[in-house]
Amino acid sequence: MDDVTPTDLEVRPPRQRRSRETLGRVLDAGVAVLEGGGYDSFTIASVCERAQVAPTVLYARTTSKDALFLAVYEHGIARMRAEQAVFADEARWAGLAPAELVRAAVAEMVSISLRHGAFLRAVVLVSAAHAEVRRRGAHYSQELGEGFARVVLRARDAIRHDDPELAVRAWFGTAFASSIIRIAYGPGFATPAPVDDDGFVADLGEMAVRYLLATQ
């Protein structure tokens, strides 16, 4: 899958409202197919069957499974990015003490990934063999990191490191990697005593407070 080129990765957008609605239904179906069976189950036929549209509808837009997959990928990622708007919501973070701020930011960041775990599992597992998914995934991951860092750095004066920004970004990388491993391989992959999602989020929040604020 690494030999695809940008010109191969397009789904031509429809102009008519009804056709746009049909394409939206196809993209929703594509996300559902990925969530249900991963990339191995993802074909133009399976997506069309799920969306209850004829394959000719898609063949008029693209003949490439990979182009459809990337359109579905962007559709699924857009849902996550909409939730990331919480990091730009001033009211959400106003008045929080440093420890509360850090715990809340970690909870928001990790919970977004967990809520979309079935979708992320499919795209993360295929990214090792798909250069374009890997490239886009890096961009969107860094975008999430920027939002997280902006919020946590509101507590800059309480962060017990010579370089607060570097410390926050290092913590984001650690928490994000832990979340992705959990999503991709399950909560028992790296430990014989896995915790549930609520416990996982709480543990990461507490570790973040202790690392960034050096509390005991």
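Here, the structure is the one placed above.
What this report covers is the structure whose coordinates are included nearby.

Reading guide: rules and limits
Residues numbered from 1 in each chain as written. Predicted model: local features only at pLDDT ≥ 70, side-chain atom pairs only at ≥ 80, totals over all residues. Heavy atoms only, no water. Helix = DSSP H or I, 4+ residues; strand = E, 2+ residues; numbered from the N terminus. Expected span 1.5 Å × (residues − 1). Buried < 20%, exposed > 50% of the residue type's maximum accessible area, 1.4 Å probe, protein only. Contact = heavy atoms within 4.5 Å. Salt bridge = Lys/Arg side-chain N within 4 Å of Asp/Glu carboxyl O.

1. A few points about helix α10 (residues 197-213)
Side chains of residues three or four places apart in an α-helix project in the same direction, reflecting 3.6 residues per turn. Between its first and last C-alpha atoms α10 spans 24 Å; for 17 residues at 1.5 Å apiece the expected length is 24 Å, and the two agree. Listing the buried residues of α10 in full gives G199, F200, V201, L204, G205, A208, V209, L212 and L213. Looking at the buried positions of α10, the neighbouring elements they touch are α6 (98-115), α8 (131-152) and α9 (164-185). A214 lies just past α10 and shows a positive phi near 55 degrees.

2. Structural notes on the environment of L120
Take L120: it is sitting in helix α7 (residues 117-127). Assessed through its relative accessible area of 8%, L120 is described here as buried. Distance in space between the C-alpha atoms of L120 and M109 is 14 Å, their sequence separation being 11 residues.

3. Digging into the pattern of salt bridges
Overall, the coordinates contain 13 salt bridges when judged by the stated rule. In this structure, R169 engages E146 in a salt bridge whose closest nitrogen and oxygen atoms are separated by 2.7 Å. With R169 in helix α9 and E146 in helix α8, this residue pair connects regions lying 23 residues apart in the sequence. The class of R169 is partly exposed, set by a relative accessible area of 32%. Residues E206 and R210 are paired through a salt bridge, measuring 3.3 Å at the closest nitrogen-oxygen approach. Separated by 4 residues within a single helix, E206 and R210 lie in helix α10, roughly one turn from each other. Note on R210: relative accessible area 47%, which makes it partly exposed. A network of salt bridges, in which partner residues are shared, links E74, E132, R135 and R136.

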